Amino acid sequence: MTTTTSTKGLKRIGRGSFTTAYKKENDCILHSIDTVKIAMAEGFTPDHRMFPKVEFLDSYFNADDDRVNVLKMDYMPRPSSIKQNVTARQWRLYKWLESVFQTVLHSFDLGNYERMDLQYDLFRDCPSEFKAESEAITEMLDGLRNYCNIVVFEISPRNVTVKGGKLVLLDCFFDLELLENVRRREREKHLSPCERIIRYI
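Everything numeric here is computed off the predicted structure, so don't read it as measured data. (Residues numbered from 1 in each chain as written. Predicted model: local features only at pLDDT ≥ 70, side-chain atom pairs only at ≥ 80, totals over all residues. Heavy atoms only, no water.)

Undergrad: Any details on the nonpolar core? Residues and values, ideally.
TA: Residues Phe-51, Leu-97, Ile-137, Phe-153, Ile-155, Leu-169 and Phe-173 are the most contacted members of the largest nonpolar core, which totals 54 residues. Looking at this core element by element, the count peaks at 6 residues for helix 2 (residues 88–105). In this structure, Phe-153 is in contact with Leu-97, Phe-101, Gln-119, Phe-123, Leu-169, Cys-172 and Phe-173, ignoring residues within four places of it in sequence. (Core = buried A, V, L, I, M, F, W, Y, C linked by side-chain atoms within 4.5 Å. Buried < 20%, exposed > 50% of the residue type's maximum accessible area, 1.4 Å probe, protein only. Helix = DSSP H or I, 4+ residues; strand = E, 2+ residues; numbered from the N terminus. Contact = heavy atoms within 4.5 Å.)

Set out below in structure tokens:
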């Protein structure tokens, strides 16, 4: 690893399916295969206060031959309570976003692409007070389609934070196909040689 990609001396503060996060002074350093984060770093997503700014630093290949991107964003710790740290309007925004997520999540009769269309329609058909946020989110989805075939929105207290009383969507969008590929590869790592042969017969 180069000086830029080394994690020596950095405190690990999070790890998910695509990304490992480290704290470096007032910055958060991400080692990530996440297509969403790359789209944000390359400017394919809107410049809006709801979305964190992501900067590309470097990249390298890991043991699985994945291209791991080293990215930087502001360190923004999550508050213990979203509701107690946002304005009344921002709490209503959070609840609306949550309702969109829950509606799509429970649309069990729809396929992945139909769910994505429903998600897009729900964001466009928004309460009038959230028109600006709705436009930013639909622009975000449009930008991410340059990188992901199926973009999923998910919101919970663990993937948002608050800055100045306003909601920041830290990690609310993900690439469903990438997630399925990562999970499949993790399952295959635990198969015996015989099981792997049987699997591909």
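Undergrad: Tell me about helix 4 (residues 131–144), residues and numbers included.
TA: Between its first and last C-alpha atoms helix 4 spans 20 Å; for 14 residues at 1.5 Å apiece the expected length is 20 Å, and the two agree. Along helix 4, the positions that sit buried rather than exposed are Glu-133, Ser-134, Ala-136, Ile-137, Thr-138, Met-140, Leu-141, Gly-143 and Leu-144. Looking at the buried positions of helix 4, the neighbouring elements they touch are helix 1 (35–41), helix 2, helix 3 (112–124), strand 6 (151–153) and strand 9 (173–175). (Expected span 1.5 Å × (residues − 1).)

Undergrad: Any details on the pairing of strand 2 (residues 19–24)? Residues and values, ideally.
TA: For strand 1 (residues 11–15) and strand 2, the ladder comprises 4 bridges, and the chain directions are antiparallel. By the bridge assignment, Arg-12 is partnered in strand 2 with Tyr-22. In textbook terms, the turn of a hairpin is the stretch between consecutive antiparallel strands, and for strand 1 and strand 2 this stretch comprises 3 residues. In this structure, the hairpin formed by strand 2 and strand 3 (residues 27–32) is closed by a connection of 2 residues, where Glu-25 is found at a positive phi of approximately 55 degrees. (Pairing = 2+ DSSP bridges.)

Undergrad: An account of the pattern of salt bridges is needed here, citing residue identities and associated values.
TA: All chains considered together, the criterion is met by 11 salt bridges. Lys-37 serves as the salt-bridge partner of Asp-171, at 2.7 Å between the closest nitrogen and oxygen. Taken together, the positions of Asp-171 in the loop between strand 8 (166–168) and strand 9 and Lys-37 in helix 1 put the pair 134 residues apart, joining distant regions of the chain. A relative accessible area of 39% places Asp-171 in the partly exposed class. Across the salt bridge formed by Glu-129 and Arg-92, the nearest N and O atoms sit 3.0 Å from each other. Within this pair, whereas Glu-129 is found in the loop between helix 3 and helix 4, its partner Arg-92 is found in helix 2, the two being separated by 37 residues in sequence. For Arg-92, a relative accessible area of 40% translates into the label partly exposed. Beyond isolated ion pairs, a larger network of salt bridges with shared partners links Asp-34, Lys-37 and Asp-171. (Salt bridge = Lys/Arg side-chain N within 4 Å of Asp/Glu carboxyl O.)

Undergrad: Can you explain unusual backbone geometry? Please cite residues and give values.
TA: With phi around 55 degrees, Glu-25 is a residue other than glycine that occupies positive phi space. The backbone of Asp-65 sits at a positive phi, close to 65 degrees, despite the residue not being glycine. As for its position among the elements, Asp-65 is in the loop between strand 4 (55–61) and strand 5 (67–74).

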